[in-house]
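The residues making up each chain are set out below.
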Amino acid sequence: MLAKRMSNFSGSPTSALIARVAELRAEGKNIISLNVGEPDFGTPDYIKVAGIKAIVDNFTKYTAGTGIIDLRKAISAKLKADNGVEYETNEICVTVGAKQAIFNAVMAIAGEGDEVILPIPCWVSYTEIIKLAGATPVFVKVKNDEGFALDLEAIEAAITPKTRGIIICTPNNPTGAVYTEESLRKLAELAVKHDFYVISDEIYEKLIYDGEKHFSLASISQEVKEHTVTINGCSKAYAMTGWRLGYLAATKEFVSGIGKIQSQTTSAASAISQKAAVAALTGPQHDLAVMVAEFDKRRKYVMERLNAIKGVSCSMPKGAFYILPDISFYLGSTSDEGIKINDAKDFAKFVLEKEQVALVPGEAFNIEGRIRISYSNSMENLCEAINRLEHAFSLLRA
Ligand SMILES: Cc1ncc(COP(=O)(O)O)c(C=O)c1O
């Protein structure tokens, strides 16, 4: 018999979708994936070269649990230069992707009987990681009508003596929202006043548009920094999802605890990936700029096309590579072949089977009546995918 915790959390809600996409492809169907959570760009060459060099040099052994010193120095310099926060190298822990950093952080702050607040919609893994730690996720809706901004009043109302933390993500997956400095300052006040941690997931920091500025909560003050766990990594900014390289920064005591978790789980991130990450953070940032400019073009194109579809609306995302259009106008409708669309899940299934476009229903992120479109795909594919979506909507009748 499996442990009780195994029935208390779920695997990725998108895995069934991925399996179905694979099946349809095996049948020869031309599926366009608008469900991907990673850049469709290759890892820049200078980073790959650093990884290859690490292998050739036999830099292929265990490293210190919290990461090689060169990388922690590079992260420390990055956090100071980009985010205005001074973290010493012993306040940084390198992890197996940002996901492990979040997992470690939640394990360190919450357990049985504790609560962690989650502004929703939110990334699929937060909820399950909190449950895996034995704690309870407390959902608080963001302000959908105000660009998915944090609802500070609702967050304050959700705080109880059991609150151990909140997980925020800016720029946000799945909404694309970039939280304002003002809202983050208010959140920081609450964290200090009620003495809980903010796990600040900043993995999409570099993917930001329209001159928006990313603001790091930990930069507010020493007191706020002590209540913050800053999460980041190389996956999105450097197209390095498969290298599995993330990190967290927090107080020395916190990081020393995280080091213990790490030493008894993964030991450390891959030595090769760590060397590649040093190159990523300290090397030329040109490829990143090219990627952001291309994402920006696609974002504008997809937004224009989506907003031109009757009954579909979405606010302009300011970061990441996702759009979360409202399709509630079509809920309750029926297709020409009599397929009933009761919710976004039904719609996602319908477009996959009928038009061969894969996207993620909002339910996966705790929001109804919306679908998440990832524009991490070529312009040509995006154009064809929206044509197909348009056709799918045209088949639905109230
Ligand atoms: C919001 C958010 N945080 C963290 C991650 C995980 O990043 P990594 O691949 O570095 O584990 C993702 C990946 O999709 C994400 O969307």
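Anything mentioned here points back to the structure above.
Residues numbered from 1 in each chain as written. Predicted model: local features only at pLDDT ≥ 70, side-chain atom pairs only at ≥ 80, totals over all residues. Heavy atoms only, no water.

Around the ligand there are 15 residues in total, and Ala98, Asp201, Tyr204, Ser235 and Lys236 lie nearest to it. One of the side-chain nitrogen or oxygen atoms of serine 235 is found 2.6 Å away from an oxygen atom of the ligand. For the ligand, whose accessible area on its own is 400 Å², the fraction buried by protein is 93%. Here the ligand is seated within the largest pocket. (Near = heavy atom within 4 Å. Polar contact = N/O pair within 3.5 Å; in protein donor to acceptor, adjacent residues only side chain to side chain. Areas by Shrake-Rupley, 256 points an atom, 1.4 Å probe, with all protein chains shown as cover. 1 Å grid on protein atoms, 1.4 Å probe; cavity = no way out; pocket = protein on both sides within 12 Å on 5 of 7 lines; lining within 4 Å. Sits in = over half its atoms within 2 Å of the grid points.)

What follows deals with helix α9 (residues 252-263). For α9, with 12 residues, the first-to-last C-alpha span of 16 Å sits near the 16 Å given by 1.5 Å per residue. The set of residues buried in α9 consists of Phe254, Val255, Ile258, Gly259 and Gln262. The arc enclosing the buried residues of α9, seen along the axis, measures out at 145°, which places them on a common side. In α9, those exposed residues whose orientation departs by more than 90 degrees from the buried face are Glu253 and Lys260. Contacts made by the buried residues of α9 are with β2 (92-95), α4 (97-109), β6 (197-201), β7 (228-233) and β8 (246-249). (Helix = DSSP H or I, 4+ residues; strand = E, 2+ residues; numbered from the N terminus. Expected span 1.5 Å × (residues − 1). Buried < 20%, exposed > 50% of the residue type's maximum accessible area, 1.4 Å probe, protein only. Arc of directions from axis to C-beta. Contact = heavy atoms within 4.5 Å.)

Now for the layout of surface pockets. What the largest pocket holds in volume is close to 930 Å³. Along the walls of the largest pocket sit 39 residues, with Lys99, Trp123, Val124, Ser125 and Lys236 positioned nearest its centre. Secondary-structure elements contributing two or more residues to the lining of the largest pocket are α1 (15-26), α4 and α5 (124-132). With six residues, α5 is the largest single contributor of residues to the lining of the largest pocket. A breakdown of the residues in the lining of the largest pocket according to their chemical character gives 19 nonpolar, 12 polar and eight charged. Counted as a void, the second largest pocket has a volume near 320 Å³. (Points joined across faces, edges and corners; volume = space filled by probe spheres on them. Nonpolar A, V, L, I, M, F, W, Y, C, P; charged D, E, K, R; others polar.)

Another point: the packing of aromatic side chains. Scanning all chains against the criterion turns up 11 aromatic pairs. Here the aromatic rings of tyrosine 330 and phenylalanine 393 are separated by 4.6 Å at their centres, their planes lie at 40°, and the arrangement is tilted. With tyrosine 330 in the loop between β9 (322-323) and β10 (333-335) and phenylalanine 393 in helix α13 (residues 379-394), this residue pair connects regions lying 63 residues apart in the sequence. The exposure class of tyrosine 330 is buried, given its relative accessible area of 7%. Here the aromatic cluster, defined as three or more aromatic residues joined through ring pairs, consists of Phe41, Tyr204, Phe295, Phe321, Tyr322 and Tyr375. The lysine or arginine in question, lysine 225, covers the ring of tyrosine 87, its NZ or CZ lying 4.9 Å from the ring centre. Across from the ring centre of phenylalanine 59, 4.5 Å away, lies the NZ or CZ of lysine 275, which sits over that ring. (Phe/Tyr/Trp six-rings, centres within 6.5 Å; stacked < 30°, edge-to-face > 60°. Lys NZ or Arg CZ within 6 Å of the ring centre and 35° of its normal.)

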